[in-house]
There are 4 protein chains.
Amino acid sequence: MKIAVLTAGGDCPGLNAVIRGIVLKGDRIYDHEFVGVRDGFRGLVEDDLVPLPRQRVRGLSKVGGTILGTSRVSPMTNGGTDRVKEVMDKHDIEALIAIGGEGTLTVARMFHDAGINVVGVPKTIDNDLSATDRTFGFDTAVSVATESIDRLRTTGEAHSRCMVVEVMGRNVGWIALHAGIASGAHAILIPEVPVTPSQLFGWVRHAMDRGRAPVVVVAEGFTFAGEEGAVASDRTDGFGRQLLGGIGERVTRMIEEATGVETRNTTLGHLQRGGVPSSYDRVLATRFGTAAVDAVSDRMWGTMVALHGIDIVNVRLRDATSALKVVPRDQWDEAAILFG
Amino acid sequence: MKIAVLTAGGDCPGLNAVIRGIVLKGDRIYDHEFVGVRDGFRGLVEDDLVPLPRQRVRGLSKVGGTILGTSRVSPMTNGGTDRVKEVMDKHDIEALIAIGGEGTLTVARMFHDAGINVVGVPKTIDNDLSATDRTFGFDTAVSVATESIDRLRTTGEAHSRCMVVEVMGRNVGWIALHAGIASGAHAILIPEVPVTPSQLFGWVRHAMDRGRAPVVVVAEGFTFAGEEGAVASDRTDGFGRQLLGGIGERVTRMIEEATGVETRNTTLGHLQRGGVPSSYDRVLATRFGTAAVDAVSDRMWGTMVALHGIDIVNVRLRDATSALKVVPRDQWDEAAILFG
Amino acid sequence: MKIAVLTAGGDCPGLNAVIRGIVLKGDRIYDHEFVGVRDGFRGLVEDDLVPLPRQRVRGLSKVGGTILGTSRVSPMTNGGTDRVKEVMDKHDIEALIAIGGEGTLTVARMFHDAGINVVGVPKTIDNDLSATDRTFGFDTAVSVATESIDRLRTTGEAHSRCMVVEVMGRNVGWIALHAGIASGAHAILIPEVPVTPSQLFGWVRHAMDRGRAPVVVVAEGFTFAGEEGAVASDRTDGFGRQLLGGIGERVTRMIEEATGVETRNTTLGHLQRGGVPSSYDRVLATRFGTAAVDAVSDRMWGTMVALHGIDIVNVRLRDATSALKVVPRDQWDEAAILFG
Amino acid sequence: MKIAVLTAGGDCPGLNAVIRGIVLKGDRIYDHEFVGVRDGFRGLVEDDLVPLPRQRVRGLSKVGGTILGTSRVSPMTNGGTDRVKEVMDKHDIEALIAIGGEGTLTVARMFHDAGINVVGVPKTIDNDLSATDRTFGFDTAVSVATESIDRLRTTGEAHSRCMVVEVMGRNVGWIALHAGIASGAHAILIPEVPVTPSQLFGWVRHAMDRGRAPVVVVAEGFTFAGEEGAVASDRTDGFGRQLLGGIGERVTRMIEEATGVETRNTTLGHLQRGGVPSSYDRVLATRFGTAAVDAVSDRMWGTMVALHGIDIVNVRLRDATSALKVVPRDQWDEAAILFG
C-alpha cells in the first residue's frame, strides 16, 4: 500500500519518532511504501510530497521538530476534500496518516466522511484530548518547565523575590498543574479554575511569611475570576502572536503592586516545544507510530490511536474530537493543598 | 492520628516526594502527626524513630534518595509483628505507611493480617508490579539509561564499535525495553524473552552491514535461551554484589569473539536509581503520597495506592503482590521490528 | 581570626561553592571563625549576621543561589565605612571577604582605603571583569542559553520560522557571543558591535535562502548602529525592571516586518542565573573560595582573587575595577564568519 | 589550497565542531577546498578520502563523535611518510590538519620533519597536554562525571553506603580532580599522588563518622603507594580492553573488607567521551578549528593551536609533545582539604 504521512499544527517533541515508527514497521512488516507531505495540509493541497524511505527515518527517535515540516494551513478552505482526493489519486496514494491536534483530527474526520482513507495520530503538547490518557510532547514540555522552575527558584531565594513563570496552556492547565506540582509551586493558575487576585496575593504573602521565595506558575490562558477570557486576544498581532506582555507579565505587576514583593516574570514559550524529546515521549510516540500503521493495514479508517492505561488502542475520530480534557477541579484542589 | 512512615528496599527517585505529599496533606487537611522510621523496618523493630514535621519535608519533591534512609532488614525475622505492635503502641502510633517494593508490600500484608493498621505505597524502579500501571522511579531510570545510550552511540559510531549497555532489571525487562525503544537500539535482551547467541550476532552484523554502530541494551537478569537463570547468582559476594563482570561484560566478549567487531560494555548500575527525579516521577510520587494519607484517614487498611489510567485508586495488598508484571512477548516483538 | 563573608549584587551560580571553599579551608587549615552577612551590604550596616560553621556549608558546591542572601543595597549611603567598622568591631570581626561584581569590588576598594581589612572575590555572570580570565556563573549561563537555543532551533525548523533569543549582557556581549558560537547562530547582536537593521535582515534572508530556520542571539544591551544606548532605560519601572518588551521583542518585530518571515522571541532572563552550577563553575568558585581565605590569612588586604591561565592569582582591587572586559571586535568578526 | 582533515585516536566531544570551524572559515575567507580522511591515519595510507564541502558540516557544532571516523592505526608502520606524500600528491592535497592527542601530534611532528605541510589541533579528553591551558572534550567529560556523582551520592546516602566512581585518566588525574572537587568527594585518587590504603580507609571512616555517605573518585590509572603502575596492564585483552574489574572494583572490595561499610562501584567509562559537547567545549573546539585554518593559510607548518589564557595561540609541535601536563601536588593537596 502507498501511504502518505503528514504532521500539522504546532510542532511537538516526538513527531519524528512517530514518523520513524510508521515507516520502519510499515516497511518491514507490511511492505508499504511511504511518502511525506511537506508542511502539513499545505503540501497535500499543493502536491508537495517527498519520498519517505526507511533510510530517511534513521536515528529520528530523539530528534525534535518534524522532518516533514508543519503549518496551520487548512485544506478545507484550499480545495477541500476533492483536491485532496485528486492529489492522492494522482500519486496512487491509498491512505493518509494525519498526525495532529484537535483541528487536524477534526479535518481527518471530515476526510473520512468524504471517503478518504485516513488514520489519525493525536498530537497535543497541552494533553487536552479526552480520548487518550496521554499525548507525546506533554512530558517533554512539563520536564522543560520543571527544570526551568527549579532554576528560577534558587535565584528567587537569593533575592527574596517572587518568581512568576508563564507556561503553555491556552485552554487547559495540565502543563501548569504538573510542572507546578513537580516543582513545589506556591500557586498554580490555570484556565479551568477561577482565582481572585486577593487569593493569589494571599498565597504569595503566606509563602513570604514563612521565609520562602514564592513561585507562581501561570498557564498562558489563565484569567482572573470574573474576567472575560477574551482579554488575551486583544494582545495579538497579525501572526497571532502576543504583542505586549502576556498574563505572566500582568500577574507579576499585580503581585508587585499589591504585596510590595519584588517580582519577576519568565515566559517559557517555545522552549517547551522544541528540542530532544524525553524518553517517555519517544516511547509513546514510537508506539503510536507502529500502532497507526497497524490501523492502516487493518483498514480501520476514521480511527486514531490512543493510550489507555498501558495499552495502545484505536478510537473513532468522531469520539476523539468531541470534548476537551480539562483539569478536573479536584485535581487542582489536591495540588493547592501543597501550596506554600 | 499519629502515623509512622517508612521506606524500605532499594532506593528510588521519588521517595522523598511521596513523604512530602503524605506529610503536607496529612498536616493541612487531617491534622495528623507524623513520625519517620529510620532505615526501613530496622528502625521499626529497633524503635529508631524521628519526628516528621511539616518543615522537615520542605523542598523535597526534587530530592533523590530518602531522608528516612532505607534497608533490606526484614521485621519478620527480627521480632515480627509483636515487636512492631509494641513499638507502635509505645509511641501511640495508630497507623503505618510502608513505601516499598514487592517484599515490603508482602510484609505490609502480613502486618495487616496481624491487625496492624497499614497502608502501602508501591515502589519499584523496575516497574514490575501488576497492580499499578506505573511506579515512580521507573521514568527517571529510563531517562538516565536513554541519555546514557544517546552518549554511547556517538562514541560507538566514531570508532565503528558495538556498544553494549547493561541496565537494571533482575526479573523483568521494562527498563531495557523502554530505554531500548527510546534510543533506537539494535538489540534488546530481557529476562522474559529467550534469545540465542546467534540471533544476537545476526542483529549486530545486520547493523554493521548497513553502516551503523550497533547498540545492544541488556537487562541485568537476561540469560541466553537454554541457559539457567541461576548462573548469575554465582557471581555475587557476601553483600549480594556481583564480583566479576555481569551479563553486559559477557555479552560484550561473546559479540567480539563471534563477529570480530570491537565491542565495549557500560554497566549503568546505581546511576539509574540516584539523583533528581524526573518531573513525571515527582508528580506520580506526590499523588501517591497524598492518596496514601487519604487512605489512612479513611481507614482503608490493607490497601495500597496505584495508578490506573490517569487516576489514583486503592487496591488490596493481597491482590497487589500476587503477580509480577512481566514484559508481554508481543511488546518485545513490536520493539524488535525496529531493531537495525 | 574572625572573618565575615558577604555576597552582593545579582546572584550567580557558584556563590555557595565560594562560601563553602572559604569556610572549609579556613576552618581546617587556619582555624578561622566565620560569620555570614545577610543580604549583602544591608546585613553589614544593619548588623544582621549569622554564624557560619563548617556544618552549614555541607553539600553546597552544587547548590544555586546564595545561602547568605544578596541585595543591591550600598553601604556608602547607609552609614558608610564608619558604620561598617562599628559593626565589625562590635563582633570582633577582623576581616571581610566580599563576593560581588564591579560595584561590590569598588566598595571593597573604598573599604580598603578606609582601613578595613578586605579581600574580594569577583562575581559577574557577564564575564566582564578585565582582571580575571573567567568568572564563575558565566559558564552556567552560557550552558543554559546554549541548551535553550538548541531546543528553539528544532521548533524554528519545523515551522520555517526565525527564532530570536534575548540573553543577558547589559554592557558586554560575552554570553551572546559564546552561546551564539556554541549553538551555531545565524546572527549575534552584542552591545560592543554596531550592526544596522539591513545587515541583520541580510543574515536572516541568507539563512532562509539556504533552507535554514534563522537563529538570532541578541544581548539585552544591544542597540542598532546609530541608536543611543539609553533607549533601553525608558522601558524600566520603579524596580529597574523592563516594563514592555526588551530588545528581543523589538528585533523580532523588525525582522518580521522587513522580511515577512514569521519570527518568535524568547527572553531567557533569570533562567540564566539560577539553578545548579556547571562543573566548571563549581571548580572555579571553589578555587576562588580557598584562595580568598589564603589571601586573608596572608593579610593581602585590598586584593581580589583571579584566574590567569590555569592559576589562581591575587590582583589589587584598584587594578581590577578600572576597566570593563568587552568583546574585542576581532572575536566577533571571527564568530560572524560562521553566520549562516 | 586543497586541505585534508583527519581525526585520530580516541574520540572526544568537540571533534565535529573543530571540523566545522575549519571548513566554514576555510571556505568563506580563504576559498580553500577540503577533503576528509576516513578513520584517522588509516584513511591516509589507504587513500580513503571523502569530499568535505560546506554543506557537510551543517549543524555539527553540537554533534558528538566525529563524522570522519577515527582509529588508532599508525601511519609510520603502514607505509610511513612516503606513502602519505604519495596519497597527498595524487589528490593535489597541499596540507594536512591533524586533530589528535599526543600520539597523533607526535606523528604530525614527524610528518613535518619529513617535509609534509601539517598543522595540529590538540585533542585529549584527559587534558594532559602541557602546551595548552585546556583541550576540548575535557569539560564535557568532567560534566558527565560530576552529574553522575551527584546522582550516585543520593543513593549512597539512602543506604549509608560508600560510593566509588571510576573515571577516565590513565596517566593523569585531571578529570578525577575536577569532578571530585565539583561534586564534593570525600577522597580523590589520581595517578600522580601516591596514597596508602589506610589513608583511604581513614577518609571513608571520617565521612561515615560524621553521618555522610562517602564518595570516592578514582582515576582509572591510579595505583596505591608502593604498587607498580604496570599492574593495570595485566587486565587487558587483545583489544586493549580491561577484562576483569578495574581499579574502581578493587578499591570497592578493599574498602568493604577493611571498614565493613557496604560499598558500590560505578565505572563511567565511555559515558564520558560520548554525546553532545558542553557549550564550553563547542566554543573552544570552534575556535581551535578556525585558528587551525588560519595557521594553514599562514603556512605555519609544524605548529598546533593552543589556548593560553583567553587567547588562541600557535605553538610548535616540537614543544607541544615533550611533556605531559600532570596534576601538581599542591592542587591535589588543596582539593584534599575539602575531603570529608
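Residues numbered from 1 in each chain as written. Chains lettered and ligands numbered in written order. Predicted model: local features only at pLDDT ≥ 70, side-chain atom pairs only at ≥ 80, totals over all residues. Heavy atoms only, no water.

The name given to chain A in an unreviewed UniProt entry is ATP-dependent 6-phosphofructokinase, with Ornithinimicrobium humiphilum as the source organism. Annotation of chain A in UniProt includes, under Subunit (unreviewed entry), the sentence "Homodimer or homotetramer." Taken directly from UniProt, the Pathway (unreviewed entry) text for chain A runs: "Carbohydrate degradation; glycolysis; D-glyceraldehyde 3-phosphate and glycerone phosphate from D-glucose: step 3/4." (UniProt positions renumbered as here; feature names shortened; annotations may be inferred.)

1. What about the sheet that holds strand β1 (residues 2-7) of chain C?
Residues and elements named next belong to chain C. Judged by pairing direction, the sheet is mixed, and its seven strands sit side by side in the order β3-β2-β1-β4-β5-β10-β11 without closing on themselves. Each edge of the open sheet carries a strand with a single partner, namely β3 (49-51) and β11 (311-316). Put simply, the sheet's adjacent strands are angled 30 degrees from each other on average, direction ignored. Pairing of β1 with strand β4 (residues 95-100) involves five bridges; the strand directions are parallel. Residue isoleucine 3 lies in a different strand from β4, and its bridge partner there is alanine 95. Along the sheet, helix α1 (residues 15-30) makes contact with β1, β2 (33-37), β4 and β5 (118-122), crossing β4 at roughly 155 degrees. Packing against the sheet, helix α9 (residues 279-297) makes contact with β1, β2, β4, β5, β10 (303-308) and β11, and its axis sits at approximately 140 degrees to β10. (Pairing = 2+ DSSP bridges. Helix = DSSP H or I, 4+ residues; strand = E, 2+ residues; numbered from the N terminus. Axes fitted to C-alpha atoms, helices over the stretch in contact; angles between N-to-C directions. Contact = heavy atoms within 4.5 Å.)

2. So, the domain arrangement of chain A
All names here are of chain A. Here the domain parsing of chain A yields domain 1 (2-136 + 275-320) and domain 2 (139-272). Each of domain 1 and domain 2 was reduced to a C-alpha centroid, and the two centroids are 33 Å apart. Between domain 1 and domain 2, a total of about 830 Å² is buried, with carbon and sulfur atoms accounting for 53% of that surface. Taken as a group, Ile125, Asp126 and Arg134 account for 51% of the area that domain 1 buries against domain 2, more than any other trio of residues on that side. (Domains from an automatic or database assignment. Buried area = accessible area lost by both parts, 1.4 Å probe.)

3. A few points about the interface of chain B and chain A
The extent of an interface is frequently quoted as the accessible surface area lost upon association of the parts. Counting from both sides, the interface comprises 45 residues of chain B and, opposite them, 45 residues of chain A. Between chain B and chain A the total buried area reaches about 3,700 Å² when both faces are included, carbon and sulfur atoms providing 50% of it. Contact with chain A buries surface across chain B, with Arg28, Ile337 and Leu338 of chain B losing the most and accounting together for 16% of the total. Glutamate 157 of chain B serves as the salt-bridge partner of arginine 58 of chain A, at 3.8 Å between the closest nitrogen and oxygen. Taken together, the links from chain B to chain A amount to 16 residue pairs in polar contact (both at pLDDT 80 or more). Of all the secondary structure elements, the ones that give two or more residues to the side of chain B that touches chain A are α1 (15-30), α5 (138-159), α6 (174-183), α9 (279-297) and α11 (329-337) of chain B. Its residues assigned to classes, the side of chain B that touches chain A comprises twelve nonpolar, 15 polar and 18 charged. (Salt bridge = Lys/Arg side-chain N within 4 Å of Asp/Glu carboxyl O. Polar contact = N/O pair within 3.5 Å; in protein donor to acceptor, adjacent residues only side chain to side chain. Nonpolar A, V, L, I, M, F, W, Y, C, P; charged D, E, K, R; others polar.)

4. Focus: the relation of the copies chain B and chain A
Screw-axis analysis of chain B against chain A gives a translation of 0.0 Å along the axis, an RMSD of 0.0 Å, and a rotation angle of 180 degrees. Given the turn and translation reported, the copies of this chain are related as if by a two-fold rotation axis. Across chain B, the rotation axis passes nearest the C-alpha of glycine 309 of chain B, at a separation of 2.0 Å. Here 100% of the contact residues of chain B are again contact residues in chain A; the copies associate through an equivalent surface. (Least-squares fit on C-alpha atoms with pLDDT ≥ 70 in both.)

5. Some words on the nonpolar core
A general trend in soluble globular proteins is that nonpolar side chains are found buried together. Leu200 of chain A, Leu200 of chain B, Leu200 of chain C together with Leu200 of chain D are the most contacted members of the largest nonpolar core, which totals 348 residues. Not counting residues up to four positions away in its chain, the partners in contact with leucine 200 of chain A are Ala187, Leu189, Val195, Val216, Phe224, Val251 and Ile255 of chain A. (Core = buried A, V, L, I, M, F, W, Y, C linked by side-chain atoms within 4.5 Å. Buried < 20%, exposed > 50% of the residue type's maximum accessible area, 1.4 Å probe, protein only.)

6. Digging into the packing of aromatic side chains
Applying the stated criterion across every chain yields a total of 26 aromatic pairs over all chains. The interplanar angle of 80 degrees and the centroid separation of 5.0 Å between the aromatic rings of tryptophan 203 of chain D and phenylalanine 339 of chain D together place this pair among those described as edge-to-face. You can see tryptophan 203 of chain D sitting in helix α7 (residues 197-209) and its partner phenylalanine 339 of chain D sitting in the segment after α11 (329-337), a full 136 residues away along the chain. By the ring-pair criterion, three or more aromatic residues cluster together here, those being Trp203, Trp332 and Phe339 of chain A. Here the basic side chain of lysine 325 of chain B rests over the ring of tryptophan 174 of chain B, its NZ or CZ set 5.8 Å away from the ring centre. (Phe/Tyr/Trp six-rings, centres within 6.5 Å; stacked < 30°, edge-to-face > 60°. Lys NZ or Arg CZ within 6 Å of the ring centre and 35° of its normal.)

7. A look at the confidence of the model for chain A
Residue and element names in this part refer to chain A. Summary statistics for chain A give a mean pLDDT of 93 and a share of 95% for residues scoring 70 or more. In the model, residues 230-243 has pLDDT below 50 throughout and makes 24 contacts with residues more than four positions away in sequence or in other chains. Confidence metrics for the complex model read pTM 0.94 and ipTM 0.93. (pLDDT = per-residue confidence, 0-100.)

8. A look at the interface of chain D and chain C
With 45 residues of chain D in contact, the opposing surface of chain C contributes 45 residues. Summed over both sides, the interface between chain D and chain C buries roughly 3,700 Å², with carbon and sulfur atoms accounting for 50% of that surface. Connecting chain D to chain C are six salt bridges. In this structure, the salt-bridge partner of glutamate 334 of chain C is lysine 25 of chain D, at a minimum N-O distance of 2.8 Å. Along the contact surface separating chain D from chain C lie 16 residue pairs in polar contact (both at pLDDT 80 or more). Elements represented by at least two residues in the side of chain D that touches chain C include exactly α1 (15-30), α5 (138-159), α6 (174-183), α9 (279-297) and α11 of chain D.

9. Considerations on the packing of helix α7 (residues 197-209) of chain B against helix α8 (residues 247-259) of chain B
Residue and element names in this part refer to chain B. Axis separation between α7 and α8 bottoms out at 10 Å; the angle between their running directions is 70 degrees. Relative to α8, the element α7 lies roughly perpendicular. For the element pair α7 and α8, the recorded crossing hand is right-handed. Residues Pro197, Leu200, Phe201, Val204 and Arg205 of α7 pack against Val251, Met254, Ile255, Ala258 and Thr259 of α8. (Parallel < 35°, antiparallel > 145°, perpendicular 65-115°, else oblique. Left-handed = near helix turned anticlockwise from the far one by under 90°.)

10. Some points on the UniProt feature "binding site: Mg(2+)" (unreviewed entry) in chain A
Residues and elements named next belong to chain A. In the numbering used here, UniProt assigns the "binding site: Mg(2+)" (unreviewed entry) feature to Glu102. Within the secondary structure, glutamate 102 is located in helix α4 (residues 102-113). With relative accessibility at 35%, the residue glutamate 102 sits in the partly exposed group. Aside from chain neighbours lying at most four places away, what touches glutamate 102 is Leu129, Thr321 and Leu324.

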